[in-house]
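Architecture at a glance
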Amino acid sequence: MILLGSTGSIGINALRLAQKFNINIEVLVAGSNIDLLNKQIEIFKPSFVVIASKNDLHKVKHTSLQISVQAGEEAILEVIEKAKSTKVLNALSGFFGLRPSLKTIECKKQLCLANKESLVVAGEFLKYDNLRPIDSEHFGLWYLLQDKKIHSMLITASGGSFRDYPLESLKNVGIKEALNHPNWSMGDKITIDSATMTNKLYELLEAKHLFKTKKIDAIIERHSLVHALINFKDGSTTAHIAKANMQLPIAYALKDVIDEEILEHVDLLKINALKFEKISSKRYPIWEIKDYILDNPHLGVVLNAANEIAVAKFLSKKISFLDISKLTLEALNKFSHIHAKNIDELFEIDKEVRVYCES
Ligand code: NDP
Ligand code: MG
């Protein structure tokens, strides 16, 4: 397997499962956490390693001369082509993950996709049969699918770090509180996206592309135990219930048949009560554009570029928490006319939106 983003939250879980399933790791790609990468190299003995920066190359431990170690985006794309493995797990974070996804498709390899930004930005150009999404909600929907007429689909949101904060206090909340997710332990970017609810917009767009449906919505379920629901035409609704742990979705991306325990069952008696709530645009201003973005999925590239810049600005204390959604909404307004005809235009638009949001 080729693992992109091995030192991240998804990457670490994927390696645990690779060990459990005895899956050979041919390629490890990581950013700047070289200490962890070195431990992974020792255990998994990959043939190829790629890191983000040339400046860190000397820190990578060559346990054997057979390992090729390189740096940079081009090296990632090369190794996807060069390696013998036909399975690529893309757990890179952000727009940076898009080119590797495209490369995987070009090489006709299986794309196990945690990098949701690939679908949000380029869903229209990513029609690919050999794709397995790694996101608890889409995994849940896939798990529930049956050969029956579907009325509509639902995914759930936890509500994120600020779901219980008084509304007036949201303008003053800080980075540390924003990164304190009540249910999931994930990378910084997606944790902030959960607090603003942008993550759920992303997931609705993903679901639209993956399941080719317009009838998709989201509600809050604060335990993150019910991940997805399907309403069937006959009036029945089924729900996917599992612990808030990414190992289950990852396991099904790695292996076709799972007949062993990956997670313990949810003890329903211990939860006591499940509650479902509406997502309010008062608390999550980005939610205003939910229907608009689902009707105009080609604007995913604008939504994503603006949000990436806004989150980075928030994390470097240049803007406040509420400004993240504000800036994103402004950019969507400014670039409402664009519609990329091909992938090259998509990259151009991404750049333009970033320049606008930076200034
Ligand atoms: P993390 O931030 O934890 O991990 C990102 C990974 O990408 C790290 O291994 C990082 O390396 C690596 N990376 C970053 N920049 C570069 C670069 N320039 N070159 C090479 N490697 C790079 O993110 P998550 O694991 O949380 O998320 C990954 C993706 O999965 C995201 O798109 C997210 O939205 C999605 N996802 C995550 C879920 C979760 O539970 N975490 C759930 C569903 C989807 P390093 O750390 O060494 O710098
Ligand atoms: Mg999710």
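Up top is the structure.
Calculation notes
Throughout, residues of each chain are indexed from 1 in the direction in which the sequence is written. Here every chain gets a letter starting at A, and every ligand a number starting at 1, in the order they are written. pLDDT decides what is reported in this predicted model: residues at 70 or higher carry local features, side-chain atom pairs at 80 or more are listed and counted, and totals for whole chains, interfaces and linings draw on all residues regardless. Excluding hydrogens and water, the side-chain values take into account all heavy atoms of the structure. Relative accessibility decides the category of a residue: with a 1.4 Å probe and only protein chains considered, values under 20% of the type maximum give buried, values over 50% give exposed, and everything between is partly exposed. Helix numbers and strand numbers start at the N terminus; a helix is a DSSP run of H or I with at least 4 residues, a strand a run of E with at least 2. Residue contacts are counted whenever heavy atoms from the two residues lie within 4.5 Å of one another. Residues are counted as near a molecule or strand when any one of their heavy atoms sits within 4 Å of it. Whenever a nitrogen or oxygen atom comes within 3.5 Å of another N or O atom, the pair is scored as a polar contact, on the condition that within protein one atom can donate a hydrogen and the other can accept it, and that pairs from neighbouring residues in sequence are kept only if both atoms are in side chains. Per-residue and other accessible areas were derived by the Shrake-Rupley procedure at a 1.4 Å probe size, with only the shown protein chains allowed to occlude residues. A cavity, in this analysis, means grid points on a 1 Å lattice covering only the protein atoms where a 1.4 Å probe fits yet has no way out; a pocket is instead an open set bounded by protein on both sides within 12 Å along at least five of seven lines, and a residue lines either one if it has an atom within 4 Å of a point. What decides whether a molecule sits in a cavity or pocket is whether more than half of its atoms lie within 2 Å of the grid points. Put simply, Ala, Val, Leu, Ile, Met, Phe, Trp, Tyr, Cys and Pro go in the nonpolar bin, Asp, Glu, Lys and Arg in the charged bin, and everything else, Gly too, in the polar bin. Grid points are joined across faces, edges and corners, and a volume is the space filled by probe spheres set on the points.

1. Remarks on helix H8 (residues 188-196)
When you tally the buried positions in H8, you get seven out of nine residues, the bulk of the element. What H8 keeps buried is the set Lys189, Thr191, Ile192, Asp193, Ser194, Ala195 and Thr196. Residues of H8 that are buried in the fold lie against helix H5 (116-122), helix H7 (175-178), helix H9 (198-211), helix H13 (300-315) and helix H14 (321-334). Of the residues one or two after H8, methionine 197 is the one with positive phi, at around 80°.

2. Side note on the site of ligand 1
The local shell around ligand 1 holds 26 residues, among which Thr7, Gly31, Asn33, Glu117 and Gly187 are the closest. Glycine 8 has a polar backbone atom sitting 2.9 Å from an oxygen atom of ligand 1. Isoleucine 10 is positioned such that a nitrogen or oxygen atom in its backbone is 2.9 Å from an oxygen atom of ligand 1. Protein contact buries 83% of the 900 Å² of open area that ligand 1 shows by itself. In a pocket analysis with a 2 Å cut-off to the grid points, ligand 1 is assigned to the largest pocket. Put simply, the parts of the chain that give the shell around ligand 1 at least two residues each are helix H1 (9-21) and H5. Considering only residue class, the shell around ligand 1 consists of 12 nonpolar, 11 polar and three charged.

3. Regarding empty space enclosed by the protein
Considering all chains together, one arrives at two cavities of 30 Å³ or more under this definition. Lining the largest cavity are 13 residues, with Val121, Glu124, Phe125, Pro297 and His298 positioned closest to its centre. For the second largest cavity, the calculated volume is near 40 Å³. Every residue lining the second largest cavity is listed: Ser136, Phe139, Trp184, His227, His240, Ala242, Lys243, Asn245, Leu248, Pro249 and Leu263. Within the residue set of the lining of the second largest cavity, elements represented by two or more residues are helix H6 (136-144) and helix H10 (247-254).

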